[in-house]
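Next come the chains, spelled out residue by residue.
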Amino acid sequence: MSASIERAAEVSESLAEIKARVQELTTEPHTPTLVAVSKYKPASDILTCYEDGQLDFGENYVQELVEKAEALPAKIRWHFIGTLQSNKAKILAAIPNLHTIQTLTSAKTAKALDKGLPAERTTPLNILIQINTSGEEAKSGLPPFTSSAADAISPELLELAKVVVTECQRLHLQGLMTIGSLEQSLDASETQKNADFETLKQTRDLLQKSLAAELDGSKWGQNRRLLLSMGMSSDFEAALKAGSDIVRVGTGIFGQRAKKTTA
């Protein structure tokens, strides 16, 4: 499974550079999580990163994640970051070291995940609800809260959050995730904030306030604070500056991906 010496050196160097850039923007006690997005990449690349101390990896496709989880060390923390259908939830939930689902959008899927977790699992499965901050039709996610007004709170998002917290005892609502628009990433500058990141932060703050008023704070977030997963290879530094807790970097670590092929 080992990568060639040249490939291993290339991946190790890229990972070290990304980690250093994340560290530069880290302020205590805030310690962001770097998720290495490894879709389409061989298990040997992931093993190289793991041996360099990287534990969090993200995959977009259920079967690919299943196969990699079986082949790679059990200490890896897998994050599912692809579109998730409820009929695939049971397959994902059976992965012993599945750490987080970052793309929840429905109560049906939440309940399927909760039901599908193995009896022997002792830790809850972390859940991030995906928010479509850019409003792009091609992207999954629930609509964000549109303003600070009480009537702007999306009932769909609030109800899903409540389902996870109150009806899914083996899930832990950790926070919110977005895939921002490329245009926002390119247009944002030192003086102009990324609108998608700001929208997710506002949505988090409003949802947090609603949950705190109604539910036990020990059953969601971390210390009554919902985490944010935003920022990828092209904009993770801007995301960290905006307050992201989790960044998802693929190309920056592994290089350009080959396109998925079918037999």
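Residues numbered from 1 in each chain as written. Predicted model: local features only at pLDDT ≥ 70, side-chain atom pairs only at ≥ 80, totals over all residues. Heavy atoms only, no water.

Of regular secondary structure, the protein possesses 10 helices and eight strands. Taken along its principal axes, the extent of the C-alpha atoms in the protein is 55 × 50 × 40 Å. Within the protein, the fraction of its 263 residues that count as buried is 50%. A separation threshold of at least 6 residues defines the contact pool for the protein, and within that pool the share at least 24 residues apart is 61%. (Helix = DSSP H or I, 4+ residues; strand = E, 2+ residues; numbered from the N terminus. Buried < 20%, exposed > 50% of the residue type's maximum accessible area, 1.4 Å probe, protein only. Contact = heavy atoms within 4.5 Å.)

All told, the structure shown has two aromatic pairs when counted by the stated rule. The interplanar angle of 10° and the centroid separation of 5.7 Å between the aromatic rings of Tyr40 and Tyr61 together place this pair among those described as stacked. On the criterion of sequence distance, the pair formed by Tyr40 in the loop between β1 (33-37) and α2 (43-51) and Tyr61 in the loop between β2 (56-59) and α3 (62-71) is long-range, its members being 21 residues apart. Relative accessible area serves as the criterion here: at 29%, Tyr61 is assigned to the partly exposed category. Between the aromatic rings of Phe57 and Trp78, the centroid separation amounts to 6.1 Å while the plane-to-plane angle is 50°, which identifies the pairing as tilted. One end of the pair, Phe57, is in strand β2; the other, Trp78, is in strand β3 (residues 77-80), and 21 residues separate them in sequence. Here Phe57 and Trp78 have matching classes, each one buried. (Phe/Tyr/Trp six-rings, centres within 6.5 Å; stacked < 30°, edge-to-face > 60°.)

What follows covers α3. Residues spaced three or four apart along an α-helix face the same direction, because each turn holds 3.6 residues. Taken together, the buried positions of α3 are Val62, Glu64, Leu65, Val66, Lys68 and Ala69. The inward-facing, buried residues of α3 contact α2, β2, β3, α4 (89-93) and β4 (98-104).

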